[in-house]
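Commentary on secondary and tertiary structure
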Amino acid sequence: MSMYAEKNRKTKQLIQTSFIHILEEKSFDSITVGDITKTAQINRGTFYLHYQDKFDLLDRIEQQLFEDLGNHIDELQSRYSSTHTFEKGQEQLAAALFSSIKMHAPLLKIFLSDHGRTGFHLRFRDAFSEKVRVNLEKSESFHASNLNVPMDYFLSFITSAFLGLIEQWVQNDLDKTPQEMTELYIDIISYIQKK
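First things first, this report covers the structure right here in the doc. (Residues numbered from 1 in each chain as written. Predicted model: local features only at pLDDT ≥ 70, side-chain atom pairs only at ≥ 80, totals over all residues. Heavy atoms only, no water.)

1. What about the overall build of the protein?
Within the protein, the regular secondary structure consists of 8 helices and 0 strands. Every one of the 195 residues in the protein was classed for burial, and the buried ones make up 35%. Surface accessibility of the protein: about 11600 Å² in total, with carbon and sulfur atoms responsible for 52%. (Helix = DSSP H or I, 4+ residues; strand = E, 2+ residues; numbered from the N terminus. Buried < 20%, exposed > 50% of the residue type's maximum accessible area, 1.4 Å probe, protein only. Areas by Shrake-Rupley, 256 points an atom, 1.4 Å probe, with all protein chains shown as cover.)

Given below as structure tokens:
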């Protein structure tokens, strides 16, 4: 990496870190570019070299978060073997996701709070739903033709339920380990299946 590229990377990181720090104290709507540049101790021109405005900055942070979580799902999916059952795959997927959520919990807590931008929950759900859909279609043991409901309803239920658990866990300040959350998820699914 060239010295110029490294400087750009560090400046972007400084801007993002400063912005997230401000979001812990102020709502997104009340934050200005001036607040960000003051906290980062850079001039406005430097900010505008990297981002169009605060919306662009937040969009890029959110996109990186969604990509990081999605990469964990992809990594797990690539390790599935044809001998895994669909249920075992779901358990492994849940464990990987809860571990990833724990790593990103400080950011998620801010974005899911009143300080985040309106609609984060919907953008998070849509990104998560698409990733689940793609990975289900790759799974040898999942067959959409066996579903008794349309795929979009199935995905909506799965992602909404899972995101509800994530939100509750984050609100509870990660009072359980990722493994305990996985067990809780499996217990809930098992309970529903028995009914």
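2. A word on helix H8 (residues 178–194)
Between its first and last C-alpha, H8 extends 24 Å over 17 residues, near the 24 Å set by a 1.5 Å rise per residue. Buried within H8 we find Pro178, Met181, Thr182 and Tyr185. In a view along the axis of H8, the buried residues occupy a sector of 105°, so they form one face of it. Exposed residues lying more than 90 degrees from the buried face of H8 are Asp187, Tyr191 and Lys194. (Expected span 1.5 Å × (residues − 1). Arc of directions from axis to C-beta.)

3. What to know about the nonpolar core
Phe19, Phe98 and Phe111 are the most contacted members of the largest nonpolar core, which has 42 residues in total. Listed by contribution, the elements that provide at least two residues to this core are helix H1 (3–23), helix H2 (33–40), helix H4 (54–78), helix H5 (86–112), helix H6 (120–138), helix H7 (151–171) and H8. With 9 residues, H5 is the single largest residue contributor to this core. Apart from residues lying up to four places away in sequence, Phe111 is in contact with Leu23, Leu58, Ile61, Glu62, Leu65, Gly116 and Phe120. (Core = buried A, V, L, I, M, F, W, Y, C linked by side-chain atoms within 4.5 Å. Contact = heavy atoms within 4.5 Å.)

4. A word on the packing of aromatic side chains
Aromatic ring pairs are reported here in terms of the distance separating the ring centres and the angle at which the planes meet. Within the structure shown, the criterion is met by 12 aromatic pairs. Where Phe19 meets Phe28, the ring centres are 6.2 Å apart and the plane angle is 85°; that geometry is what we call edge-to-face. In this structure, Phe19 and Phe28 share a single accessibility class: buried. Ring geometry for Phe128 against Phe162: centres 5.6 Å apart, planes inclined by 20°, an arrangement best described as stacked. (Phe/Tyr/Trp six-rings, centres within 6.5 Å; stacked < 30°, edge-to-face > 60°.)

5. Re the pattern of salt bridges
Summed over the entire model, instances satisfying the criterion amount to 10 salt bridges. Across the pair Lys10 and Glu6 runs a salt bridge whose closest N-O atoms are separated by 3.9 Å. Of the two residues, Lys10 and Glu6 both sit in helix H1, 4 residues apart, roughly one turn of that helix. The class of Glu6 is partly exposed, set by a relative accessible area of 24%. We note a salt bridge from Arg133 to Glu130, for which the minimum N-O separation is 2.3 Å. Placement of both Arg133 and Glu130 in helix H6 is noted, with a separation of 3 residues, approximately one turn of the helix. It is possible to trace a salt-bridge network through shared partners that takes in Asp59, Glu62, Arg117 and Arg123. (Salt bridge = Lys/Arg side-chain N within 4 Å of Asp/Glu carboxyl O.)

6. With respect to H7
The end-to-end C-alpha distance of H7 is 30 Å, a good match for the 30 Å that 21 residues give at a rise of 1.5 Å each. Within the span of H7, buried status applies to Phe154, Leu155, Thr159, Phe162, Leu163, Leu165, Ile166, Trp169 and Val170. All buried residues of H7 project into a common sector of 150° when viewed along the axis, lining one side. Turned more than 90 degrees away from the buried face of H7, the exposed residues are Tyr153 and Gln171. Looking one or two residues beyond H7, the residue adopting positive phi is Asp173, at roughly 55°.

7. What to know about the side chain of Thr159
With respect to the helices and strands, the residue Thr159 is situated in helix H7. Here Thr159 falls in the buried class, since its relative accessible area comes to 1%. Polar side-chain contacts of Thr159 include one of 2.7 Å to the backbone oxygen of Leu155. Setting aside chain neighbours within four positions, we find Thr159 in contact with Arg125, Phe128, Ser129 and Val132. (Polar contact = N/O pair within 3.5 Å; in protein donor to acceptor, adjacent residues only side chain to side chain.)

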